[in-house]
Amino acid sequence: MFKLKINVKNFNVSFSDNQILKNINMKIPKNTVTALIGPSGCGKSTFLRSINRMNDFSSNFKRNGSIYVDGEDIYGENVDVVDLRKRIGMVFQKANPFPMSIFENVAYGLKIHGLKDKKELFDTVKRSLKQAALWGEIKDKLDSSALSLSGGQQQRLCIARTIAISPEVILMDEPCSALDPISTLKIEDLICELKRDYTIVLVTHNMQQAKRSSDLTSFFLDGEVIESGLTKDIFSNPKMEKTEDYILGRFG
Amino acid sequence: MNLRRYSKKKGFLKLIRKEYLIEKGFFTLAMVMIATVLLMFAFVVIESLPAFGHSGFFNFLVGLRWSPDMNIFGIFPMIVGSILTTAISLIIAVPMSVSCAIYLEEMAPAKLKDYFKPVIQTLAGIPSVIYGFFGLTLIAPIIRNIFGGSGFSILTASVVLALMILPTIISLSQDAIKSVPNQFREASFGLGSTQWQCIKYIILPTALPGIITAVILGMGRAVGETLAVLMLAGNVSVIPSSLASPIRTLTSNIALEMGYATGIHYSALFATGVILFMVIMVLMIVSTLCSK
């Protein structure tokens with residue numbers, strides 16, 4: 001029923017001599033939301049940042065094993081990292097709009113990928129902002145600074161910016177951790193909407209959020225995947241004791 | 001009620017008095033600084049008045065001839081000289097130092113950066129007379145061979161000036177680039193930008209105010225630099241006909257003649273100082289306006 005999008009095989013990561021990820025195996029199907037849960041420092045974010053190779057910027061980053069996206073090893077020799085990051089977008093924990101206008105923020109990704117036509121640019125920006133459920137709130141002030149928006153609006157702007165360049169996968173690194181409950185709900189609704197067009201991997205500390213918005217869940221602990229499966233199974237009937245302890249809030 | 005009763009207590013009054021003294025103390029020190037600047041300016045202006053009275057402010061400013069022995073004081077060629085050497089040194093130094101700062105902050109491996117810092121600091125610490133020597137023995141002959149003439153020229157002085165202001169602009173631009181939040185880089189790379197696109201569209205625009213400050217400070221140093229320019233520029237007070245012509249700047253005019261000047265000539269040198277003050281202020285205001 002599901003088509004495989006990302007396939008992680010025996011993936012290890014270490015920084016200096018610290019092994020952060022140990023032998024990760026994971027299959028992420030297309031058009032699903034996969035939640036990565038686990039206590040702080042367990043390697044979820046590192047794993048997420050491995051999927052679009054953002055860890056490459058750390059000079060002491062070492063990895064072995066492979067991550068396949070559509071069957072192609074993204075750590076292979078002939079991979080164009082810039083193109084990979086275009087295909088695999090990312091939304092960060094802290095909303096990080098550029099210090100430009102709202103319009104320019106969304107248009108930036110399109111411009112650097114060579115879209116020059118003004119009309120098309122505007123249409124795509126509009127469509128992305130609509131899809132990110134932000135258009136109605138800001139359509140009259142596209143030229144004002146993105147930094148004047150509220151935290152929740154900024155995060156939705158970052159999502160709009162990410163989907164503007166039509167990635168295939170969206171990685172979200174605790175996108176709601178700094179937001180109030182109403183903004184959080186808006187973004188969760190958005191995630192459910194986006195699932196139709198994109199494959200989403202979501203790191204979250206919020207169990208309710210994982211439960212509400214994801215199809216699949218993987219539980220990370222100390223750099224290992226303890227348990228993976230359908231979200232409803234994991235939350236109603238976890239196989240491992242550690243998973244149960246964590247989702248019931250007994251530790252972490 | 002309680003507060004009022006408490007405020008009548010002795011300890012509280014003592015505390016208030018101490019706070020008061022500390023605040024007034026800092027205020028006095030700050031005022032001393034401001035007074036020093038004002039006094040300096042006033043002193044220079046007062047000393048310059050006889051010269052301005054002698055030539056007239058306007059004639060002093062736009063006069064083309066500087067002949068102290070005939071009591072003719074026209075400073076215009078030196079204003080041109082100061083502005084020209086500063087402008088050319090900036091044209092040489094700004095692209096070099098900004099690209100150097102970008103390289104060091106955005107591309108260079110950490111180790112290279114560590115080696116580079118002391119080098120730049122040393123460059124900033126070399127006395128200007130040494131720069132003068134360097135220009136004298138290396139740059140002047142090169143200019144002489146290429147352009148002819150004596151080799152003491154606008155270009156010679158500007159090249160050495162450019163070297164002197166490099167460290168200022170590099171390290172301040174580096175600070176500006178460093179202060180661009182890393183999340184902007186991540187966001188840009190996350191959207192699939194190349195490194196160059198990230199630098200061009202995100203980092204440079206964000207760091208621009210800081211870079212402009214760096215350039216203004218470099219410019220201030222270039223206008224004020226005296227000794228190295230004096231050793232290299234040829235010091236002839238004429239409007240230059242080419243970049244290989246000799247030139248005299250406002251600062252070197254003062255330094256060259258202060259030793260033996262008397263009477264109205266002495267005052268004319270102070271008047272040069274007043275004009276220098278004004279030139280620097282105009283340049284600062286213009287560049288600050290440009291940055292907005």
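Quantities reported herein were computed from a predicted structural model and do not represent experimental measurements. (Residues numbered from 1 in each chain as written. Chains lettered and ligands numbered in written order. Predicted model: local features only at pLDDT ≥ 70, side-chain atom pairs only at ≥ 80, totals over all residues. Heavy atoms only, no water.)

Thoughts on the interface of chain A and chain B
A common way to report how large an interface is uses the accessible area buried once the components associate.
So, point 1. Opposite the 24 residues of chain A that make contact, chain B presents 16 residues.
So, point 2. In total, about 1,600 Å² of surface goes out of reach between chain A and chain B, with carbon and sulfur atoms giving 66% of it.
So, point 3. Considering only the surface of chain A that becomes buried against chain B, Phe98, Tyr108 and Ile112 of chain A emerge as the three largest contributors, covering 31% of it.
So, point 4. On the surface where chain A and chain B come into contact, there are one salt bridge.
So, point 5. As a salt-bridge pair, Glu186 of chain B and Arg49 of chain A come within 2.7 Å of each other at their nearest N and O atoms.
So, point 6. The interface formed by chain A and chain B contains five residue pairs in polar contact (both at pLDDT 80 or more).
So, point 7. Only helix 2 (81–87), strand 6 (88–91), helix 3 (102–112) and helix 6 (151–164) of chain A provide two or more residues apiece to the side of chain A that touches chain B.
So, point 8. Looking at the side of chain A that touches chain B residue by residue, the classes come out as 14 nonpolar, five polar and five charged. (Contact = heavy atoms within 4.5 Å. Buried area = accessible area lost by both parts, 1.4 Å probe. Salt bridge = Lys/Arg side-chain N within 4 Å of Asp/Glu carboxyl O. Polar contact = N/O pair within 3.5 Å; in protein donor to acceptor, adjacent residues only side chain to side chain. Helix = DSSP H or I, 4+ residues; strand = E, 2+ residues; numbered from the N terminus. Nonpolar A, V, L, I, M, F, W, Y, C, P; charged D, E, K, R; others polar.)

Structural notes on the domain arrangement of chain A
Residue and element names in this part refer to chain A.
So, point 1. Splitting chain A by domain gives domain 1 (1–89 + 187–252) and domain 2 (95–166).
So, point 2. For domain 1 versus domain 2, the separation of C-alpha centres amounts to 27 Å.
So, point 3. Listed as interface residues are seven residues of domain 1 and, on the opposing side, eleven residues of domain 2.
So, point 4. Between domain 1 and domain 2 lies a buried interface of about 840 Å² when both sides are counted; carbon and sulfur atoms form 75% of it.
So, point 5. At the boundary of domain 1 with domain 2, the tally comes to one residue pair in polar contact (both at pLDDT 80 or more).
So, point 6. When residues of the side of domain 1 that touches domain 2 are assigned to their parent elements, the largest contribution, three residues, is made by helix 7 (residues 181–194).
So, point 7. Partitioning the side of domain 1 that touches domain 2 into residue classes produces four nonpolar, one polar and two charged. (Domains from an automatic or database assignment.)

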